[in-house]
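This is what each chain is made of:
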Amino acid sequence: MTTPYAEINGRPADAENLRIPALTGSYGHFTAMQVRGGAVRGLALHLARLDTATRELFGPGLDGERVRALIRQALGAAGTEDAAVRVHVYGPDEDPAVMVTVRPPLELSPEPQHLLSVPYERPVAHLKHLGGFGQAYYRRLAAREGRTEALLTGPGGEIAEGAVTNIAFWDGSSVVWPDRPALLGTTMALVESRLPGYGTATVRRPVTLAGLGAYRAAFVTNSQGIAPVARIDDTAFAVDAELMETVWRLYAEVPWDAI
């Protein structure tokens, strides 16, 4: 497929039902997934995220089987089983609307990334909510400076997450995830929970820009994949081949769940 496709509550997006997101504005949430052959890595995590966030924002939950049916229908209408799919949830509170968008599939380049640190943290960071102006602004700023991603930081240069990624650091014995309010991405959750089974310890603790010298390597994760980090601002990182082989192999072995 080459043209994006969207449905709202199971109906093709049109002038009438597009009023829902248009009038709701940025109050809502979503999840983003890569679909291959009609299946998704970590599907249960995506469905749990949607249900939990819908309960927090609107009150009622969101049935996972309904979501799966809506995704299947949108994929069928778009004529593809391979896609980048987003499920958006808007109001009204008593009956939240669900929009499914289908776009061509995406893959994160395995090339080492160059990050620009910025003084910004997402509000209500545990939710994958709408209204990501700050993230978009700083990603564009990073791109203008020749970087591939913005790294969001709080007071004292404490690292939280990337604009559209989670970040992890390698100190030679453990994979360290910054202990700062951030979204628990599905890929991060899959990697973090499985690393011990591959003989690699994983911990969470504060990580600061000033303390980057304590780490040998770093990598970022999101729904599109995993990539090593080559540089954060003026701090260079080597690509640890053994670490990346473990992380990539771990992720490749995550089962795909049929929608």
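**Structural notes on unusual backbone geometry**
That bond from Gly 91 to Pro 92 is cis: its omega, 10°, falls within 30 degrees of zero. Mapped onto the elements of the fold, Pro 92 is located in the loop between strand S5 (83-90) and strand S6 (97-103). One non-glycine residue, Val 124, adopts positive backbone phi at about 45°. Along the polypeptide, Val 124 turns up in the loop between strand S7 (113-118) and helix H4 (133-144). Even without being a glycine, Asp 233 presents a positive backbone phi close to 55°. With respect to the helices and strands, Asp 233 occurs in the loop between strand S14 (225-232) and strand S15 (235-236).

**What to know about the sheet that holds strand S16 (residues 256-258)**
Judged by pairing direction, the sheet is antiparallel, and its seven strands sit side by side in the order S2-S1-S6-S5-S3-S4-S16 without closing on themselves. The sheet is open, and its two edges are formed by strand S2 (11-12) and S16, each paired on a single side. The pairing of strand S3 (residues 29-36) with S5 spans seven bridges and is antiparallel. By the bridge assignment, Met 33 is partnered in S5 with Val 85. Helix-sheet contacts for helix H3 (residues 64-78) involve strand S1 (5-8), S2, S3, S5, S6 and S16, and the interaxial angle to S6 is about 40°.

**Some remarks on H4**
Along an α-helix, a turn takes 3.6 residues, which lines up residues three or four apart on a common side. With 12 residues, H4 should cover 16 Å at 1.5 Å per step; its first-to-last C-alpha distance of 17 Å lies within 8% of that length. Among all positions of H4, only Gly 134, Gln 135, Tyr 138 and Ala 142 are buried. All buried residues of H4 fall inside an arc of 95° around its axis, so they share one side. Turned more than 90 degrees away from the buried face of H4, the exposed residues are Phe 133, Arg 140 and Arg 144. Those residues of H4 that are buried are in contact with S7 and strand S8 (149-153). Looking one or two residues beyond H4, the residue adopting positive phi is Gly 146, at roughly 80°.

**What to know about helix H5 (residues 186-194)**
Here H5 lies mainly inside the structure; seven of its nine residues are buried. Those residues of H5 that sit buried are Thr 186, Thr 187, Met 188, Ala 189, Leu 190, Val 191 and Glu 192.

**Some words on the side chain of Glu 7**
By the secondary structure assignment, Glu 7 is in strand S1. At 9.3 Å, Arg 11 is the nearest oppositely charged side chain to Glu 7, a buried residue that forms no salt bridge. For Glu 7, the side chain forms a polar contact with the side chain of Tyr 5, separated by 2.6 Å. Ignoring any residue separated from it by four or fewer positions in sequence, one finds Glu 7 in contact with Pro 12, Ala 13, Leu 70, Gln 73, Ala 74, Ala 77, Val 98, Met 99 and Val 100.

About the criteria used
- Residues numbered from 1 in each chain as written.
- Predicted model: local features only at pLDDT ≥ 70, side-chain atom pairs only at ≥ 80, totals over all residues.
- Heavy atoms only, no water.
- Helix = DSSP H or I, 4+ residues; strand = E, 2+ residues; numbered from the N terminus.
- Pairing = 2+ DSSP bridges.
- Contact = heavy atoms within 4.5 Å.
- Axes fitted to C-alpha atoms, helices over the stretch in contact; angles between N-to-C directions.
- Expected span 1.5 Å × (residues − 1).
- Buried < 20%, exposed > 50% of the residue type's maximum accessible area, 1.4 Å probe, protein only.
- Arc of directions from axis to C-beta.
- Lys, Arg positive; Asp, Glu negative; His and termini not counted.
- Salt bridge = Lys/Arg side-chain N within 4 Å of Asp/Glu carboxyl O.
- Polar contact = N/O pair within 3.5 Å; in protein donor to acceptor, adjacent residues only side chain to side chain.

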